[in-house]
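Listed below, chain by chain, are the residues.
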Amino acid sequence: MKKLLPLTVAGFVWLAMVFSGCDNDDDEGPGIVREWHVDIKAVNEVPAPPGRNEEGDASIELLSDNSLKYNLHIHNLSPSDQLTNAHIHTGDAGTSGGILIPFNPSFTGAGTMGIVTGLRQGQIDTLLSRPVYVNVHSQQAPAGIARGQLDKEVVLARDIALTGANEVPPVNTTATGTAILRLTHDKVLYSIVTVNNLESNDTLTVAHIHPGAAGTNGPPLIFLANNINDFGVLKISNPLDDAMYNQLINNPMYVNAHSRRHGPGLVRGQIR
């Protein structure tokens, strides 16, 4: 005997055929243990490939037979570029990590789909319980052309050039820098502030996010580096309060790195 019952999957209602009695159905496929539907973007790469705006989507299903189905597609792929590979990597929103599960895909244009079989239990445990991301690679961006976290949603991604000319007033310095910012939906900020070519008679001190549009100065709001040892390494904040989170998402803000000789600011760059 069989009957139709409603089944809700990923927000959609389907009609599932349910068999009762003693009949066996050996044709049923493996069940879905967990599924992910994520946006993948060039700006989410760490660091982001300069001048690229590719984005796309990834659908991934972990199945009960220890296999993984995937369906990836990139939009706006540069016509001079070509996709080469895709993997799931270990790493949080501010980290570029090693390969966890290789897809070894065959691409049709800017998309691919397939299945990886025989996952080890360690791979499955990491996939389900650790920060991981899907990464698509290309000829022009071998480190990654578009990426998306499976454990969290990235709501703000910025790679910001820092220069003395952006300071108010401008600072004459050989130093330049970069601030990599990744903010996730749970209000956690991942940041890396790096400063290069600092004069030999100067020393880095702190770095902050300040409120303020270009040409204006504001007070420190979010600390990114508390001392010289915090520069060039990933810093992960406690969850921001609602006011800080909303300011960072919506308002004019800038990153400022300070030094011993330039206490008000050495190099600066606008977030917005």
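About the thresholds
Residues numbered from 1 in each chain as written. Predicted model: local features only at pLDDT ≥ 70, side-chain atom pairs only at ≥ 80, totals over all residues. Heavy atoms only, no water. Helix = DSSP H or I, 4+ residues; strand = E, 2+ residues; numbered from the N terminus. Buried < 20%, exposed > 50% of the residue type's maximum accessible area, 1.4 Å probe, protein only. Areas by Shrake-Rupley, 256 points an atom, 1.4 Å probe, with all protein chains shown as cover. Lys, Arg positive; Asp, Glu negative; His and termini not counted. Charge placed at Lys NZ, Arg CZ, Asp CG, Glu CD. Phe/Tyr/Trp six-rings, centres within 6.5 Å; stacked < 30°, edge-to-face > 60°. Lys NZ or Arg CZ within 6 Å of the ring centre and 35° of its normal. Salt bridge = Lys/Arg side-chain N within 4 Å of Asp/Glu carboxyl O. pLDDT = per-residue confidence, 0-100. Contact = heavy atoms within 4.5 Å. Pairing = 2+ DSSP bridges. Patch = residues over 30% accessible without salt bridge, like charges linked within 9 Å, V, L, I, M, F, W, Y side chains within 5 Å. Core = buried A, V, L, I, M, F, W, Y, C linked by side-chain atoms within 4.5 Å.

**Q** Describe in detail the overall build of the protein, supporting the description with residues and values.
**A** From N to C terminus, the protein includes two helices and 18 strands. Along the first, second and third principal axes, the C-alpha atoms of the protein reach 80 × 40 × 30 Å. By residue count, 44% of the 272 residues in the protein fall in the buried class. Of the accessible surface of the protein, which amounts to about 14,000 Å², a share of 52% is contributed by carbon and sulfur atoms. For the protein, the separation between the mean place of its 18 positive charges and that of its 26 negative charges on side chains is 7 Å.

**Q** How would you explain the packing of aromatic side chains if you had to name every residue and give the values?
**A** Remark: the centre distance and the inter-plane angle together describe each pair of aromatic rings, the angle taken between the planes. Within this structure, the stated rule accounts for one aromatic pair. Look at Tyr70 and Phe103: their rings are 4.2 Å apart centre to centre, the planes differ by 5 degrees, and that puts the pair in the stacked class. Here the residue Tyr70 occupies a position in strand β5 (residues 68–75), and Phe103 occupies one in the loop between β7 (99–102) and β8 (111–116), the gap between them amounting to 33 residues. Classification of Tyr70 as buried rests on a relative accessible area of 5%. Lying across the ring of Tyr245, Lys187 places its NZ or CZ 4.8 Å from the centre. The ring centre of Tyr254 lies 3.4 Å from the NZ or CZ of Arg268, which sits over that ring.

**Q** I'd like to hear about the pattern of salt bridges, residue by residue, with values.
**A** All chains considered together, the criterion is met by six salt bridges. Asp81 is the salt-bridge partner of Arg52, the closest N and O atoms lying 2.9 Å from each other. In this pair, Arg52 sits in the loop between β3 (32–41) and β4 (55–63) while Asp81 sits in the loop between β5 and β6 (83–90), placing the two residues 29 residues apart along the sequence. Taking the relative accessible area as the measure of exposure, Arg52 reaches 16% and is therefore buried. Here Lys187 makes a salt bridge to Asp242, at a shortest N to O gap of 3.8 Å. Residue Lys187 is found in the loop between β12 (176–184) and β13 (189–196), and its partner Asp242 is found in helix α2 (residues 242–250); the two are separated by 55 residues along the sequence. Owing to a relative accessible area of 24%, Lys187 belongs among the partly exposed residues under this scheme. A cluster of three or more residues bridged by salt bridges with shared partners is formed by Arg52, Glu54 and Asp81.

**Q** So, the confidence of the model for the protein: which residues are in play, and what are the values?
**A** When pLDDT is averaged along the protein, the result is 92; 90% of the residues meet or exceed 70. Low pLDDT (under 50) marks residues 1–25, which in the prediction has 30 contacts with non-local residues, meaning those over four places away or in another chain.

**Q** Could you give an account of the pairing of strand β10 (residues 146–149), naming the residues involved and the relevant values?
**A** Because side chains alternate across β10, one face comprises the buried residues Ala146 and Gly148, and the other comprises Arg147 and Gln149, equally buried. Relative to β10, strand β9 (residues 132–138) runs antiparallel, the two being bridged by four bridges. Bridging across to β10, Val136 finds its partner in Ala146.

**Q** Give a detailed account of a negative patch on the surface, specifying residues and quantitative values.
**A** A cluster of acidic residues, Asp39, Glu55, Asp57 and Glu153, forms a negative patch at the surface. Within the secondary structure, Glu153 sits in the loop between β10 and β11 (154–163).

**Q** Could you give me a rundown of the nonpolar core, with the residues and numbers involved?
**A** Among the nonpolar cores identified, the biggest contains 29 residues, and Leu68, Ile88, Ile101, Phe103, Leu127, Val134 and Leu150 are the most heavily contacted of them. Elements with a contribution of two residues or more to this core: β3, β4, β5, β6, β7, α1 (121–129) and β9. Setting aside anything within four residues of it in sequence, one finds Phe103 in contact with Leu68, Tyr70, Leu72, Ala86, His87, Ile88, Val116 and Val134.

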